Every structure is written in C-alpha cells, then in structure tokens.
Amino acid sequence: GLPVVFKNVICGFHASFLTSVHPASLFVHIRRDPFAAAASILQSRLARYGSYDNWWSLKPSTYRVLAAMSDPVDQVAGQVTACAREFDTELTQPGVLSMLVNFEDLWKRPGRVLEAICARLAQIGAPIDPLSDAMPELQPPEAESLPGEMERKLRTHFA
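Residues numbered from 1 in each chain as written. Predicted model: local features only at pLDDT ≥ 70, side-chain atom pairs only at ≥ 80, totals over all residues. Heavy atoms only, no water.

Trainee: Is there a simple way to explain helix H6 (residues 110–123) in this structure?
Mentor: Since the α-helix turns once every 3.6 residues, residues separated by three or four places project in the same direction. The terminal C-alpha atoms of H6, which comprises 14 residues, lie 20 Å apart, in line with the 20 Å expected from a rise of 1.5 Å per residue. Every buried residue of H6 is listed here: Pro110, Gly111, Val113, Ile117, Cys118 and Leu121. Angular distribution of buried residues about the axis of H6 spans 160°; they occupy a single face of the element. Exposed and facing more than 90 degrees away from the buried side of H6 are Arg112 and Gln123. Residues of H6 that are buried sit in contact with strand E1 (26–31), strand E2 (97–102) and helix H5 (103–108). Immediately beyond the C-terminal end of H6, within one or two residues, lies Gly125, with a positive phi of roughly 85°. (Helix = DSSP H or I, 4+ residues; strand = E, 2+ residues; numbered from the N terminus. Expected span 1.5 Å × (residues − 1). Buried < 20%, exposed > 50% of the residue type's maximum accessible area, 1.4 Å probe, protein only. Arc of directions from axis to C-beta. Contact = heavy atoms within 4.5 Å.)

Here's what the structure looks like:
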C-alpha cells in the first residue's frame, strides 16, 4: 500500500498496460537532447563491445528495420527518434498520468524537479514529502566525444 519508484525506461513503452494494472501510476519522462542521447548510445556501444556496430539499449518497435541498417549512426539516430515517438504516443494515452522532465533541469535543479514530482504525486493521492535539505546542483554529464565525421553525420540527423 506504499508508493514505489522504478527507474525503468521500458515501462514507458507499456504505460497504458501498466496504468490498467496500477491506475495511480505516474510516469516521469526524462527527455534528453536527442543528439546527446544518440552520442551516449554510440559511446556505450564502443565501451561495451569495442565497436559502434553492436546494438545497445532500448529496442523500439522498428528494431528489426533499424538493426538491418549497416551504418551505426543511422541506426542510433533512428533508435532515439523511434523511442521518443513511442514514448510520446504511449505516455499521452487516455488515463496515463505522466510528467515531462528535461534532463538538463534534473542535473541543474534536482531539488525543484523532485518537488514537482512530489506535487504531482500528491495530486494523484500518493503524497510523499520532498527532501527537507536543499539538493545541490549535480555535475552535468561529460559531453560524448565521437570521431569527426560520425559526429557531423549525427548532428545532421537531428538538425
């Protein structure tokens, strides 16, 4: 009977179903700049697999089409775009309670973001108290560094 928090991005793909099971669910959608998200995925591929060619992270409904692409930049740009579209569609379905948080706001003003989440939870009957101490600004993530041509191509996708 107590509130619970999950950090699980896959839940966003299934918000309608999860809302039917748990009507008092609140989906906090943290939106990151698409170029930064794509660059991070590419860097994660390299760090985990030693190559940009192996799939990593979420698989949108277009996964099979994207996985068949030979260019990792095209794959990841499609992955980020498709995931964002699918989250937006799912999180705006009737009855689904969601709130949008910009990634930059989360690390610049984490206390305000948590207060806003607490206020929204109170509106749906699951009040929790925000932290009593002011939260300091968090460190921004390091900019992901990609090889020159790869970065230019990725920026073109999101221009």
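Trainee: Just checking my understanding: could you explain the packing of helix H2 (residues 34–49) against helix H4 (residues 72–91) for this structure?
Mentor: What describes two packed helices is the angle between their axes and the distance between those same axes. Look at H2 against H4: their axes get within 9 Å of each other, and the N-to-C directions meet at 130°. With respect to their mutual orientation, H2 and H4 come out oblique. Seen along the crossing, H2 lies across H4 with a hand that is right-handed. For the pair H2 and H4, the contacting residues are Pro34, Ala37, Ala38, Ile41, Leu42 and Arg45 in the first and Pro72, Val73, Gln75, Val76, Gln79 and Val80 in the second. In terms of residue class, the contact of H2 with H4 is built from nine nonpolar, two polar and one charged. (Axes fitted to C-alpha atoms, helices over the stretch in contact; angles between N-to-C directions. Parallel < 35°, antiparallel > 145°, perpendicular 65-115°, else oblique. Left-handed = near helix turned anticlockwise from the far one by under 90°. Nonpolar A, V, L, I, M, F, W, Y, C, P; charged D, E, K, R; others polar.)

Trainee: Would you mind showing me how to read the pattern of salt bridges here?
Mentor: Any two side chains of opposite charge can pair if their charged atoms end up close together. Applying the stated criterion across every chain, the model contains seven salt bridges. A salt bridge links Asp88 to Arg31; the nearest nitrogen and oxygen atoms lie 2.4 Å apart. Taken together, the residues span a long stretch of sequence, with Asp88 in helix H4 and Arg31 in strand E1 at a distance of 57 residues. Glu151 is the salt-bridge partner of Arg155, the closest N and O atoms lying 3.1 Å from each other. Here Arg155 pairs with Glu151, and both are found in helix H7 (residues 148–157), just four residues apart, close to one helical turn. The structure contains a network of salt bridges with shared partners spanning Asp71, Asp74 and Lys153. (Salt bridge = Lys/Arg side-chain N within 4 Å of Asp/Glu carboxyl O.)

Trainee: Looking at this structure, how should I read the packing of H4 against H7?
Mentor: Viewed as axis vectors pointing N to C, H4 and H7 meet at an angle of 35°, and their least axial separation amounts to 10 Å. Where H4 crosses over H7, the two elements pack in a sense that is right-handed. Across the interface between the two elements, Pro72, Val73, Asp74 and Ala77 from H4 touch Met150, Lys153, Leu154 and His157 from H7. A per-class count over the contact of H4 with H7 returns five nonpolar, one polar and two charged.

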